[in-house]
Amino acid sequence: MAWLNLQRNRLRTGLATLGIVIGVVAIAAIGITGTALQYGATQELGGLSNTVTVFPGEENEAGVVTDAQVDSIERVATGAVVVPRRTETLTVASRSERRQVNVQAMSRPAALYDAAEGTIPSPMRSGALLNAELAAELGVELGQTVSIGGRSYRIIAILDEPGGFGQGVSVVVPLDDVDGDGYDQVTVVAADGEDAQRLAAEIPAELNQREEVVGTFTPADIQETVSGFFATLNAALLGVGSISLVVAGVSILNVMLMSVVERRAEIGVFRAVGIRRREVMRMIVAEAALLGVVGGAVGVVLSVLIGYTVNGQLNGQPELVFQPRNLEFLALGFGFAVIASTVSGLYPAWKASTANPVEVLRG
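Keep in mind the model is a prediction, meaning the values are calculated, not measured.

(A) Looking closely at the nonpolar core. The biggest cluster of nonpolar side chains holds 40 residues, and the ones touching the most others in it are Ile73, Leu130, Ile148, Val171, Val173, Val188 and Leu199. Contact partners of Ile148, with chain neighbours within four places excluded, come to Leu90, Thr91, Val92, Val103, Ala128, Tyr153, Val171 and Val173. Counting 29 residues, the second largest nonpolar core, distinct from the first, contains Ile252, Ile267, Val280 and Ala349.

(B) Focus on the UniProt feature "transmembrane region" (unreviewed entry) in the chain. According to UniProt, the "transmembrane region" (unreviewed entry) feature falls on residues 12-32, 235-257, 284-309 and 329-350. Within the segment residues 284-309, helix and strand shares are 100% and 0% respectively, and the terminal C-alpha atoms sit 38 Å apart. Counting secondary structure, residues 329-350 comes out at 95% helix and 0% strand; the distance between its end C-alpha atoms is 32 Å.

(C) Looking closely at the packing of helix α8 (residues 277-314) against helix α9 (residues 324-344). At their nearest, the axes of α8 and α9 sit 7 Å apart, and the two run at 155° to each other. On the basis of the axis angle, α8 is roughly antiparallel to α9. When the axes of α8 and α9 are compared, the crossing they make is right-handed. Residue-level inspection shows Val285, Ala288, Ala289, Leu291, Gly292, Val293, Gly296, Ala297, Val300, Ser303, Val304 and Asn311 of α8 in contact with α9, the latter providing Asn326, Leu330, Phe334, Ala337, Val338, Ser341 and Thr342. Classifying every residue of the contact of α8 with α9 by side-chain character gives 12 nonpolar, 7 polar and no charged.

(D) Fine view of the environment of Leu291. Structurally, the position occupied by Leu291 is in helix α8. Put simply, Leu291 and Arg151 are 140 residues apart on the chain and 74 Å apart in space, counted from C-alpha to C-alpha.

(E) Spotlight on the side chain of Asp195. Among the secondary structure elements, Asp195 is positioned in helix α5 (residues 193-207). At 2.4 Å, the side chain of Asp195 forms a polar contact with the side chain of Arg198.

(F) Molecular detail of the side chain of Arg85. Its place among the elements puts Arg85 in strand β2 (residues 81-93). At 2.7 Å, the side chain of Arg85 and the side chain of Thr187 are in polar contact.

(G) The domain arrangement of the chain, seen in detail. Its domain assignment divides the chain into domain 1 (1-44 + 223-361) and domain 2 (51-217). If you average the C-alpha positions of domain 1 and of domain 2, the two centres end up 55 Å apart.

(H) Spotlight on the pairing of strand β9 (residues 185-189). Burial runs high along β9: 4 of the 5 residues are buried. Sheet topology note: the strand β1 (residues 51-56)/β9 ladder contains 4 bridges and is antiparallel. Each bridged residue has a counterpart across the sheet, and for Val54 the counterpart in β9 is Val186. Relative to β9, β2 is paired through 5 bridges, and the arrangement is antiparallel. Its bridge partner being in β9, Val82 is matched across the sheet by Val188.

(I) Structural context of a nonpolar patch on the surface. There is a patch of nonpolar side chains on the surface, built from Trp3, Leu4, Val294, Val298, Val301, Leu302 and Leu305 and spanning about 630 Å² of accessible area. At the level of elements, α1 (2-8) and α8 are the ones that each hand at least two residues to the nonpolar patch. In terms of residues, the nonpolar patch owes the most to one element, α8, which gives 5 residues. Note on placement: Leu305 falls in helix α8. Overall, the relative accessible area of 52% leaves Leu305 in the exposed class.

(J) Summary view of unusual backbone geometry. For the peptide bond that leads from Ser122 to Pro123, omega is 0°, which places it in the cis range. Mapped onto the fold, Pro123 is located in the loop between β4 (115-118) and β5 (128-131).

(K) Up close: the pattern of salt bridges. As enumerated under the stated definition, the model contains 7 salt bridges in all. Where Arg151 meets Asp177, a salt bridge forms, and the shortest distance between an N and an O atom there is 3.6 Å. One end of the pair, Arg151, is in strand β7 (residues 151-159); the other, Asp177, is in the loop between β8 (171-173) and β9, with 26 residues separating them in the sequence. By relative accessible area, which is 23% here, Asp177 ends up partly exposed. The partner of Arg325 in a salt bridge is Glu328, and the shortest N-O contact between them spans 3.2 Å. Here Arg325 and its partner Glu328 are both found in helix α9, 3 residues apart, which amounts to about one turn of the helix. Classification of Arg325 by relative accessible area gives partly exposed; the value is 39%. Each of Glu97, Arg99 and Glu137 takes part in one network of salt bridges that share partners.

(L) Looking closely at helix α7 (residues 264-272). Every buried residue of α7 is listed here: Glu266, Ile267, Gly268, Phe270 and Arg271. Gly274 sits one or two positions beyond α7 and adopts a positive phi of about 110°.

Calculation rules
- Residues numbered from 1 in each chain as written.
- Predicted model: local features only at pLDDT ≥ 70, side-chain atom pairs only at ≥ 80, totals over all residues.
- Heavy atoms only, no water.
- Core = buried A, V, L, I, M, F, W, Y, C linked by side-chain atoms within 4.5 Å.
- Buried < 20%, exposed > 50% of the residue type's maximum accessible area, 1.4 Å probe, protein only.
- Contact = heavy atoms within 4.5 Å.
- UniProt positions renumbered as here; feature names shortened; annotations may be inferred.
- Helix = DSSP H or I, 4+ residues; strand = E, 2+ residues; numbered from the N terminus.
- Axes fitted to C-alpha atoms, helices over the stretch in contact; angles between N-to-C directions.
- Parallel < 35°, antiparallel > 145°, perpendicular 65-115°, else oblique.
- Left-handed = near helix turned anticlockwise from the far one by under 90°.
- Nonpolar A, V, L, I, M, F, W, Y, C, P; charged D, E, K, R; others polar.
- Polar contact = N/O pair within 3.5 Å; in protein donor to acceptor, adjacent residues only side chain to side chain.
- Domains from an automatic or database assignment.
- Pairing = 2+ DSSP bridges.
- Patch = residues over 30% accessible without salt bridge, like charges linked within 9 Å, V, L, I, M, F, W, Y side chains within 5 Å.
- Areas by Shrake-Rupley, 256 points an atom, 1.4 Å probe, with all protein chains shown as cover.
- Salt bridge = Lys/Arg side-chain N within 4 Å of Asp/Glu carboxyl O.

Structure follows, in structure tokens:
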């Protein structure tokens, strides 16, 4: 009977349902999009969560990491790969183009980067590595020669796309080709993220016994910050989406009140022939709940389609829309829709059930 009553005025029912659909999409689709962004950010960092970057500390008068300090780092980081680095801004030129870029000098680039073309030697004593973007700008290919800081180098490998935050590099040359006392920073490649976190604490403890000569950084720190940021962002967005469902609930309240007013005579007849108050109330509440169920179901389907598209565009993995976190958002949106609709139907149901049948029929 509740379903038939909703079909009497399909336009009004459709508009009320549309409000529920918008509210569910506002909650579920926004939550799924936030999860997709968080997944992309953490995946970008996840590949480097096993690295620790050591840099000169605030009380380091030399402003560099010295050879003696590198030896101390190697003693602490037993089993890890320690890669000292120097950085200098130099001009890189081909026959037709030239660019001013930051050149990194190191002896073990294979521990940090992957080659899209060619092979990265370890240790690296000659030649140069260029990333694909710079090679395209200069119009050079693997095996050709470029000038870096006035010296001629053969390109022995084209680097793959950078694997994570802060690891983009344009040019890599052998460590001895960039002069300097000490190193700008030292990268320690540990076995896993847990080992990197341990080294990030042990290295300063070993070297900073008297003063802060070095500091450490690991992408795992940023990963935690990013996760916390997206959790806060999702909560805020869900709050905004919930307002849409509250508005939809008010719309349903209005629809049900209008429906009760229009059907006063019918409800009076029900009461006159012996139908009890609770049965009238149940019928009106059922109508409101049906609006929530139908609107919630349509909203969930639309949210899945939106999430499928967003994950495909951002992460290249549309199936991630079905990961547990996203299923929670879908369930939250659907459940909130049903509850908001049902609650919105309580007052109209009470109003209809308490009406005096004699007065209603007389009117």
